[in-house]
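# Structural characterization, general
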Amino acid sequence: MIKGLKKWRLFSLLAVFALFMAGCGNEEISTFQPAGQVANDQFKLLLLASGIMLLVIIVVVIIYTVALFRFRRSKLGEDHIPEQVEGSHTLELLWTFIPIVLLLILAIPTVHYTYKLGDVKAMEAVDDDGNAENLVVDVTAKLYWWEFEYPDLGIVTAQELVVPTDEKVYFNLIAADVKHSFWIPSVGGKLDTNVENVNKFYLSFEKESEGLKDGVFYGKCAELCGPSHALMDFKVKTLPRDQFDSWVAGMQETAEEPVVANADGEEVFSQSCIGCHAVSGVGESGAQGPNLASFGDRNRVAGFLEHDEENLKDWIRDTQKHKPGNTMPSFSKDQISDEDLDALAEYLMGLKVAK
Amino acid sequence: MSSVAQKSGFGATLWDWLTTVDHKKIGILYLLGGLFFFVLGGIEAMIIRLQLITPNNDLVSAGLFNDLITMHGTTMIFLAAMPMLFGFMNAIMPLQIGARDVAFPFINSLGFWMFAFGGLFLNISWLFGEVPDAGWTSYASLSLHSPGHGIDFYAIGLQIAGGGTLMAGINFLVTIINMRAPGMTYMRMPLFTWTTFVASAMILFAFPPLTIGLFFLTFDRMFGGNFFDHTMGGNTIIWEHIFWIFGHPEVYILILPAFGIFSEVFSVFARKRLFGYTAMVFATVLIGFLGFMVWAHHMFTVGLGPTANAIFAVATMAIAVPTGVKIFNWLLTIWGGSIKVTTPMLYALGFIPSFVMGGVTGVMQGAAPLDYQLHDSYFIVAHFHYVIVGGVVLAIFAGLHYWWPKMFGTMLNELLGKITFVFFFVGFHLTFLIQHWLGFWGMPRRVWTFMDGQGWNLANFVSTIGALSMAIGFTVMVINIIMTTIKNERVGNDPWGDGRTLEWAIPSPPPFYNFPATPLVRGLDTLWIEKMEGSKEMITPAEPITDIHMPHGSIIPMLMTLGLFIAGFGAMFHQETSWGLGVLIFGLAFTFVTMAIRSLKDDLGYYVTKEQILQDQENIKRGRN
C-alpha cells in the first residue's frame, strides 16, 4: 500500500518534471536553459522583468474583475445613474509613481547588463609575445550559410562552429551579401551581421555539447534574408579546452595531410567542386562555398538535412529543391555520373578532423 | 442647383460615391476599403498559419511564404487598420466637435483615393506574380537584393497610399483646430477626437520620413541611386533608422485612436464620465511625444553600441508610465459605474487584459539585453499581435459595432456580435499566447518552415487552431453585417440609449449637413449634460438656422490619383521597356492637368437654403413618428 503510494508519488513528480522540461523547451536551443554567462544574464533579466510584469497584470486583473462583478447594470438597476466622478489627483499620482519605481527596478540592471554584454575591450588584448589573449572568431554570414574563421589560429570552417568551453569567445560579425543575424539561443542573444560594418560581441559557452541530443547546440539566422532564411541553421560544438586545441591542430594538419577516403571521389571533387569549396582547413574567410575540411564530422548536410550520404547526394543533384535561392549549382547525371557521385559522397563523408 | 433632391439609379449612385466630398460617405468608403483589405490580409494570415501547422510542411513554397508575410504585414498596417480608423475619424470626429464637414473636403476625397489606388497598386503585384518579399520593414540589403518588381510595387504603392495618409492627417488637424463648435474648447473634446488630433499630429511628423525612405528605395531600385548600396558608399542602416523613425510612431498612430474608441465605449456603457479626463489627455499627448523618441528599440541588435541601446531602453520603458495611467483610468471609469455588457463593451472589456499583456511584453523587450534574445523571435510576433490585435483590431471591432448605427442607421445584431467576440477573442489568445514560448524556445520569426525535433510542433499546431477560430469569428461578423443590411431596421438618434457625445444628438445616419444649426457646447459630454437637464431637443443651438454653404462633389481627386497610379507603372517598367518612360510622363502630366483644372476652375460650392433645412428637419421628425 505504502509502496504503491510511493510509486504514485514518484510518477507524479516525474510528470511535473516532464511538464516543466516541456515548458523549458529543448536544451540545445531554448533560452530557458542557458548554457553560458550571456544567456544566463539575459535569463536573470527575463525572470526579473517577468516578475514585475506579472505583478502589474495581477493588480490590473484584480481591480478589473472586482469592478466587473460589483458594478453591473443588471445588479444596479436599469435607471441607476452613477455619480459622475471627475477623477482623483491622489490616484493619478499613485499610478504614475508606482510604475516609475517598478521601471527603475528594471532599468538599473538593464543598463548594467547592456554595458556588461557590450564590453569587447578584451578582444584586442595581447600577451607579451603579441599573441591574442582571447579566442576571436570572425563570422561571415552568406546566402544561406555561415563561415567561421579563427584568424589567430589560421584556420577556417563553415556551418559548424567549434569553440572551447568556459572562456569568453569574441566574435566579429559581418554579412557578405544581405543582412543576417547570428543567434545561438541557449548560449546568448543575437547580434546582426550587417553588410557594411563589423559587429563585435562575446559569448561564453559553459556546457559541453557532447551530452546534447545531437551533440551540438543549434544556431539560427534571425533576420529575414530571402527564401531559405528558415533553413539558414548552423550548429555549435563546444569542447573542453584541450580537445579544442587538438581539433585546431587537426584542422591545421588538413593542409598537408588531407584525408582521402575515396581516391575517385577526390578526383571528382577536384574537377567539379574545388572551384568553390576548399578541403584544407587552413585559410581565411571569403570563400565561394563552405569549407569542407571537417565535413565528415558535421551534424547536418547543408546546415539542416540529416547527415548521411543519401541526403548529400540528393543535395548535390538538386540544391534549389532543398534550399531555394542558394547559390550552389545543382549537378545533373551528365555532369556527375551516379558512380562518381557515390565516390564523391564517400570522399566527402571521410573528411574528418576529430580523432 | 438643388442639393436635397437626389437622383436615383445605379449610375447616379456610383457617380455620387466616386465624387463625394461628404466626410460621412468618405468615412464609409474608408471603412469598406479597409474591411476589404482586412479580408485579404486575413486570408494571407490563414495561409501562413496553415503552412506552419506541422514541421516540414510544403503547403506553400519558401518564396511564396515570404510574399505572404510581407503582404500580410503591409496590408494589415497600411491598408486595413489605418483606413478603418480613418473611417471612424472621418465619419465621427466632425460630428463630435459639432462641425459640418472636415476642413478640406476635396483633400479628404483625394486622401481616400490615394489610399485606394495605393492599396490596389500594391496588391496588383499578385497578378504580376512579383510580390514584395522583404518583410513589411523591407530592410535595405534584402530589398535591394530582391529580384523582380515585388519591392517596386511596395515602394510605389506605399508612396501613393502614404501620401493619402499624410493628407488625411493634415486635414484632421486643421479640422480640429478650426472647426470646433462654439464652446467646444480643447479640454471639452471627446477623447476619440483628442486621440484623432494627436494621431494626426504624429502622422504629420512620421510620414515624411517614410516618404523620403521610399523615394530613396525607389531611386535605388529604379533609377540607379545608391542611397542604401554599401558597395557604392551607401548605407543600409540608414534605411532601418528612417523606417523606424516612421514605423514606431506609426504603431502609436494606430493605437491612440483605438484608445480613443475604448474611452468612448467605457464611458458610455458604464454610464459614467471618463475618470481622470485631464490625465487621459495628457497621457495621450505624452505617448504621442515619446513615440518619436524610441525608434531604435527596434534596432537593439543592429550593433548601435551599449550607450545608444541603454538610452533607448530607458526611454522605451518610460512610455509604459502614461500607458499605465490610461489603463488605470479606464478601470476607475467602470469602477462605480453601471456596466452594461453590449458588444462594443465586450470588446472594450476584452481589450484591457489583452492589451496589458501586450504592453508588459513590450517593456520586457525594452530591456535591451533581454531583447537580444527576444528580438526577431516568435516572442516579438506574439507581442505585436497582442498590441495590434488585442488593441487596435479589438478597437476597430468595438467601433464598428458602436458606431455602425450612426454611420448606417441600423444596429448590428447583438447576439451575433457576441458570438463573433467569443470566437475571435478565444482564437486570438490561443494563437498568440503560446507564441511567446515559441520565442523563448528559440524559434525565429519569418521562417517558412521548421524542422521536426526542436520542440515547436505542438505550440505551432495550437497556434494554427487559434487562427482558425479567429477566422470563424470574423466570418460571423461579415454575416452579421450582411444580415443587418438586408433587414434594414432603422434606428433613432441615440440607439444605445446612453450616448454622451454630440454625434448621438442627431439622426442616424445624420443629414448631409450634419447639424441644422451649429450646436453650443457647454461642457464635456455635451449630450449627457443636455440629457441630465431634461432638454427636449438634445442640442442647444449656438445660432439660428441659416443658409448652409456646402462644397460640390468632384471627380478630380480620383482622376488625380489615377494619374499617379499610371505613372507608378511607368516608373517600374521604364528600364526594361520602351513605353515605360512615356507612361511615367503621361501619368504625371495627367495628374498635373487635373491639378491645374482644380486650380483654375472656380468652384464656389452651393447653399442649402434655410427653407430646405427646415423642410428636411420636418421630414426627419415626421419619419420618426
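Residues numbered from 1 in each chain as written. Chains lettered and ligands numbered in written order. Predicted model: local features only at pLDDT ≥ 70, side-chain atom pairs only at ≥ 80, totals over all residues. Heavy atoms only, no water.

Turning our eyes to something else, we now look at the overall build of chain A. Tallying secondary structure elements over chain A gives nine helices and twelve strands in all. Relative to the compact-globule value of 20 Å for 355 residues, chain A shows a C-alpha radius of gyration of 27 Å, a clear excess of over 25%. Expressed along its principal axes, the backbone C-alpha trace of chain A runs to roughly 95 × 60 × 50 Å. Within chain A, buried positions represent 50% of all 355 residues. Counting contacts in chain A only where the partners sit at least 6 residues apart, residues at least 24 apart contribute 65% of the total. Counting every atom, chain A has about 16,500 Å² of accessible surface; 59% of that belongs to carbon and sulfur. Here chain A contributes 31 positively and 52 negatively charged side chains, and the mean placements of these two sets differ by 13 Å. (Helix = DSSP H or I, 4+ residues; strand = E, 2+ residues; numbered from the N terminus. Rg over C-alpha atoms; globule rule 2.2 N^0.38 Å. Buried < 20%, exposed > 50% of the residue type's maximum accessible area, 1.4 Å probe, protein only. Contact = heavy atoms within 4.5 Å. Areas by Shrake-Rupley, 256 points an atom, 1.4 Å probe, with all protein chains shown as cover. Lys, Arg positive; Asp, Glu negative; His and termini not counted. Charge placed at Lys NZ, Arg CZ, Asp CG, Glu CD.)

When charged atoms on two side chains of opposite charge get close, those side chains can pair. All names here are of chain A. Within this structure, the stated rule accounts for 27 salt bridges over all chains. Here Lys-142 makes a salt bridge to Glu-147, at a shortest N to O gap of 3.0 Å. Given the relative accessible area of 8%, Lys-142 is considered buried. Classification of Glu-147 as buried rests on a relative accessible area of 1%. Salt bridges here are not isolated pairs; linked through shared partners, they connect Asp-41, Lys-44 and Lys-116. (Salt bridge = Lys/Arg side-chain N within 4 Å of Asp/Glu carboxyl O.)

As recorded in UniProt, the sites labelled "domain: Cytochrome oxidase subunit II transmembrane region profile" (unreviewed entry) are residues 23-121 of chain A. When the span residues 23-121 of chain A is considered, its composition is 69% helix and 0% strand, and the gap between its end C-alpha atoms is 37 Å. (UniProt positions renumbered as here; feature names shortened; annotations may be inferred.)

Right, let's get into helix α4 (residues 105-128) of chain B. Residues and elements named next belong to chain B. With 24 residues, α4 should reach 34 Å at 1.5 Å per residue; the first-to-last C-alpha distance of 35 Å fits that figure. Among the 24 residues of α4, 19 are classified as buried, and the element is accordingly described as predominantly covered. A positive backbone phi angle near 75 degrees is found at Gly-129, which sits one or two residues after α4. (Expected span 1.5 Å × (residues − 1).)

All right, on to the nonpolar core then. Leu-161, Phe-171 and Phe-182 of chain A are the most contacted members of the largest nonpolar core, which totals 299 residues. Not counting residues within four places of it along the chain, the set of residues in contact with Phe-171 of chain A comprises Met-123, Val-137, Val-139, Leu-161, Phe-182, Asn-199, Lys-200, Phe-201, Leu-203 and Phe-205 of chain A. Membership of the second largest hydrophobic core comes to six residues, among which are Ile-548, Met-550, Tyr-606 and Val-608 of chain B. (Core = buried A, V, L, I, M, F, W, Y, C linked by side-chain atoms within 4.5 Å.)

A separate point is the sheet that holds strand β5 (residues 168-175) of chain A. Residues and elements named next belong to chain A. Spatially, β3-β2-β1-β5-β8 is the arrangement adopted by the five strands of the open sheet, whose pairing is mixed. A single partner strand is all that each edge strand has here, and the edge strands are β3 (155-158) and β8 (199-204). Within the sheet, the average angular offset between the axes of one strand and its neighbour, ignoring direction, is 25 degrees. Across six bridges, the pairing between β5 and β8 is antiparallel. (Pairing = 2+ DSSP bridges. Axes fitted to C-alpha atoms, helices over the stretch in contact; angles between N-to-C directions.)

Looking now at the interface of chain B and chain A. Listed by partner, the interface residues are 94 residues for chain B and 88 residues for chain A. Between chain B and chain A the total buried area reaches about 7,400 Å² when both faces are included, carbon and sulfur atoms providing 67% of it. Considering only the surface of chain B that becomes buried against chain A, Arg-271, Trp-335 and Gln-373 of chain B emerge as the three largest contributors, covering 9% of it. Where chain B meets chain A, there are two salt bridges. In this structure, Asp-498 of chain B engages Arg-73 of chain A in a salt bridge whose closest nitrogen and oxygen atoms are separated by 2.7 Å. (Buried area = accessible area lost by both parts, 1.4 Å probe.)

This brings us to the environment of Val-126 of chain A. Residue placement: Val-126 of chain A occurs in the loop between α4 (89-117) and β1 (135-142). In contact with Val-126 of chain A, not counting residues within four places along its chain, are Asn-131, Ala-132 and Glu-133 of chain A.

On to the sheet that holds strand β10 (residues 234-239) of chain A. Across a sheet, strands are paired by hydrogen bonds formed along the backbone, either parallel or antiparallel in direction. Residue and element names in this part refer to chain A. A sheet is described by the order of its strands in space; here five strands give the open sequence β4-β10-β9-β6-β7, paired in mixed fashion. Among the strands making up the open sheet, the edge pair consists of β4 (160-164) and β7 (188-193). Going from strand to strand, the sheet's axes swing by 25 degrees on average, the running direction of each strand aside. Where strand β9 (residues 217-221) meets β10, three bridges bridge the pair, whose relative direction is antiparallel. Paired with Gly-219 across the bridge in β10 is Phe-234. Sitting on the sheet, helix α5 (residues 241-253) touches β4 and β10, and the angle it makes with β4 is about 130 degrees.

Side chains of Asp-166, Glu-206, Glu-208, Glu-210 and Asp-242 of chain A sit close together on the surface and give a patch of like negative charge. Among the structural elements, Asp-166 of chain A can be located in the loop between β4 and β5. (Patch = residues over 30% accessible without salt bridge, like charges linked within 9 Å, V, L, I, M, F, W, Y side chains within 5 Å.)

Once that is clear, we can look at the domain arrangement of chain A. Residues and elements named next belong to chain A. Assigned domains within chain A: domain 1 (3-77 + 86-117), domain 2 (135-236) and domain 3 (263-349). For domain 1 and domain 2, the distance between their C-alpha centroids amounts to 31 Å. Across the contact, 16 residues belong to domain 1 and 19 residues belong to domain 2. Carbon and sulfur atoms supply 56% of the area buried between domain 1 and domain 2, which totals about 1,400 Å² over both sides. Three residues, Glu-28, Ile-29 and Ala-35, lead the burial of domain 1 against domain 2; their summed loss comes to 44% of the area buried on that side. Counting across the interface, domain 1 meets domain 2 through two salt bridges. For Lys-213, the salt bridge is made with Glu-28, and the minimal N-O distance between the two is 3.4 Å. (Domains from an automatic or database assignment.)

Here the focus is the UniProt feature "domain: Cytochrome oxidase subunit II copper A binding" (unreviewed entry) in chain A. In the numbering used here, UniProt assigns the "domain: Cytochrome oxidase subunit II copper A binding" (unreviewed entry) feature to residues 132-250 of chain A. Across residues 132-250 of chain A, the secondary structure splits into 8% helix and 50% strand, with the terminal C-alpha atoms separated by 21 Å.

Taken as a whole and assessed by the stated rule, the structure comprises 84 aromatic pairs over all chains. Between Tyr-186 of chain B and Trp-194 of chain B the ring centres are 6.2 Å apart and the planes differ by 45 degrees, which places this aromatic pair in the tilted class. A relative accessible area of 30% means that Tyr-186 of chain B is categorised as partly exposed. Centroid distance Phe-397 of chain B to Phe-474 of chain B: 6.2 Å. Interplanar angle 25 degrees. Geometry classified as stacked. Taken together, the residues span a long stretch of sequence, with Phe-397 of chain B in helix α13 (residues 378-408) and Phe-474 of chain B in helix α15 (residues 457-487) at a distance of 77 residues. As far as the burial class goes, Phe-397 of chain B and Phe-474 of chain B line up, both buried. It is Lys-235 of chain A that lies over the ring of Tyr-218 of chain A; its NZ or CZ is 4.5 Å from the centre. Lying across the ring of Tyr-186 of chain B, Arg-180 of chain B places its NZ or CZ 3.9 Å from the centre. (Phe/Tyr/Trp six-rings, centres within 6.5 Å; stacked < 30°, edge-to-face > 60°. Lys NZ or Arg CZ within 6 Å of the ring centre and 35° of its normal.)

What follows covers the pairing of β7 of chain A. Residues and elements named next belong to chain A. The buried fraction of β7 amounts to six of the six residues, a majority that puts the element mostly inside the structure. Here strand β6 (residues 180-184) runs beside β7; their pairing, made up of four bridges, is antiparallel. Within the sheet, the bridge partner assigned to Ser-181 lies in β7 and is Asp-192. Remark: three residues form the turn of the hairpin made by β6 and β7, two consecutive strands paired antiparallel.

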